[in-house]
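Residue-level structure breakdown
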Amino acid sequence: MLSEEQIVRRAVNGDREAFTYIYNLHFDKVYRYIYIKVRSQIEAEDLTQEVFIKAYEGIRNYRWKELPITAWLFRIAHNHVIDYIRKISKEKRADLSEADAISGGDPVYMTEQNFEIYELKNALEKLPDAQREVATLRFISELSISEVALTLGKSEGTVKALQFNAIASLRKLLYGKINGY
Amino acid sequence: MAIKIEDAFNDCFERMMSGESLESCISRYPQYASELDLMLRTSFDVKRRAYPIQPRPEFKYWAGVRMQGVQNYLQKSPLPYKSSSYNLKRNLAITLAAMLVFIIATTTTVAASSDAMPDDPLYGVKLAVEQIQVALTPNEMDKAEIYAKLTEKRAIEIATMADKGKTDKVMATTEIMNYQLQQIEQNLAKYETAASTIPAPARWSTISDNQSGKTSDKAEATIKITETNKQPITQESQRNIASINKAKDSINTRTTKSITILENAMNKVPESIKSNINETIDRAKTTSKHLIRDISNPPDNRSTTDNKTDNGTTNLHEKPKLNTLDINRYDNNDKRSGPNGPDDKDNIKKR
């Protein structure tokens, strides 16, 4: 079985199957990362597609030694979302009704889920930028500590501290202050 | 050197993601036990809240097709491609390429995806194909049956992912299964609503009048008329009843099987997500109970008791309870009576 590095090298050399493998492996994570930032299903879908098109355009210039592929992809996603938000200047916030969840049908169930996502999104927005980025990449896109560190260009120690502080802040924001945390 | 709390937290988080229990993790760092307990519970709650955020399967599938179109186009295009300039010509070329890829690839991809597990790259295709299958099914009862098949598949996938220790995939698949269980209930409810509009036999009117305790001449006349007009159940309606019962049996069997699979998978998942699996099991049990109640309570046994109150009187303000099996009570050829028809008890009451 090929290692991730070998697959990436193949993709860099124009192997479409290798790129498709990378695409399938990271698609959901990138979508979740973008969705929590824009919280509109339509925008998240468009932006996710654009991120992968950009990635395909840029894969030939990618160098494994400089950055693992996950970190590289999330940097593209991060920059693309920032560009998008700048472009719409005054951030157009999606309504609660636009919050998308996989569940559908039962309005009670849907509302509960959407409300929980809405609460999470609001809580994340109140975090300092660095904590928010770490929490989103780590707990929503499920990147490893080293991947988060490389995506953000920070040390693993810093990311661990930011991660802990982010969770402590989210605890206060989501449930109120308990036992000092 | 003493370990920092953020390192202890990260270590525990990683261990729990690999299947270790919260208690076991915390016991490694007794000095931080209470803080770690709160922080770890919060981190898993954040993950749980974010799980429903998934790309729609159909979007994922079409995005994949479009990506292949882009790849085709760029491979043939000598000019460097810039995503910022989406001009009509390029989009048209990409769309055409995507369509070609779609036609060629669909058959093989769809076939290959049928056994895909949640950790398989083709899993999204499998879900998309399932959705198309449901969308192409016009009948609610058939849809419910398809969803029951799908929930059984999800249960097997959850058990497989639990075996592999892939907690995140277990959680994501559980969410999908919850949704599909809901769809079974909703489609059954829709079917019942549709069935309740089928005219009821005239004998309802006789029951209603007798329940009011008045056997007026008019009521007696109604009895005679309706008895005269009562027609035997047609072969076609008998076939319908048989197929409905068969579908319900099938749904019930599959739901019960799914419950067993999930119960067996319970001891393979970490403590942190057992409550989610339990929630799914409860949901499946509710669906199953719904079906058992319908199957074990044939309408002929209910026809004279459904509207009775505790003291044996009949609540005339309450509509007769109907479900899909109530079709047994009707002769499809008799269009003159029923819950909303001219011989409905409410109408008779007005008379």
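That block above? That's the structure.
Residues numbered from 1 in each chain as written. Chains lettered and ligands numbered in written order. Predicted model: local features only at pLDDT ≥ 70, side-chain atom pairs only at ≥ 80, totals over all residues. Heavy atoms only, no water.

1. With respect to the packing of helix 2 (residues 16-38) of chain A against helix 4 (residues 69-87) of chain A
Residue and element names in this part refer to chain A. Running from amino to carboxyl end, helix 2 crosses helix 4 at an angle of 35°, the nearest separation of the two axes being 10 Å. Two packed elements cross with a definite hand, and for helix 2 against helix 4 that hand is right-handed. In this structure, helix 2 uses I22, H26, K29, V30, Y33, I34, K37 and V38 to contact helix 4, whose residues at the interface are I69, T70, L73, F74, A77, H78, V81 and Y84. Its residues assigned to classes, the contact of helix 2 with helix 4 shows eleven nonpolar, three polar and two charged. (Axes fitted to C-alpha atoms, helices over the stretch in contact; angles between N-to-C directions. Helix = DSSP H or I, 4+ residues; strand = E, 2+ residues; numbered from the N terminus. Left-handed = near helix turned anticlockwise from the far one by under 90°. Contact = heavy atoms within 4.5 Å. Nonpolar A, V, L, I, M, F, W, Y, C, P; charged D, E, K, R; others polar.)

2. With respect to the packing of aromatic side chains
Using the criterion set out here, one finds 15 aromatic pairs over all chains in the structure. Residues A:Y33 and A:F74 carry aromatic rings whose centres are separated by 5.5 Å and whose planes lie at 80° to one another, so their mutual orientation is edge-to-face. Here the residue A:Y33 occupies a position in helix 2, and A:F74 occupies one in helix 4, the gap between them amounting to 41 residues. The class of A:Y33 is buried, set by a relative accessible area of 0%. Every member of this aromatic cluster is reached through a ring pair, and the members are A:Y23, A:F27, A:Y31, A:Y35, A:F52 and B:F59. (Phe/Tyr/Trp six-rings, centres within 6.5 Å; stacked < 30°, edge-to-face > 60°. Buried < 20%, exposed > 50% of the residue type's maximum accessible area, 1.4 Å probe, protein only.)

3. Describing the side chain of B:E130
By secondary structure assignment, the location of B:E130 is in helix 6 (residues 123-135). Taking the relative accessible area as the measure of exposure, B:E130 reaches 4% and is therefore buried.

4. As for the interface of chain A and chain B
Taken together, the contacts link 52 residues of chain A with 51 residues of chain B. Across the interface of chain A and chain B, roughly 5,100 Å² is buried in total on both sides, 60% from carbon and sulfur atoms. Where chain A meets chain B, there are seven salt bridges. Note that B:R56 and A:E45 form a salt bridge whose closest N and O atoms lie 2.8 Å from each other. Taken together, the links from chain A to chain B amount to 15 residue pairs in polar contact (both at pLDDT 80 or more). Those elements that place two or more of their residues in the side of chain A that touches chain B are helix 2, helix 3 (41-58), helix 5 (107-125), helix 6 (129-140) and helix 8 (156-175) of chain A. At eleven residues, helix 2 of chain A tops the list of elements feeding residues into the side of chain A that touches chain B. (Buried area = accessible area lost by both parts, 1.4 Å probe. Salt bridge = Lys/Arg side-chain N within 4 Å of Asp/Glu carboxyl O. Polar contact = N/O pair within 3.5 Å; in protein donor to acceptor, adjacent residues only side chain to side chain.)

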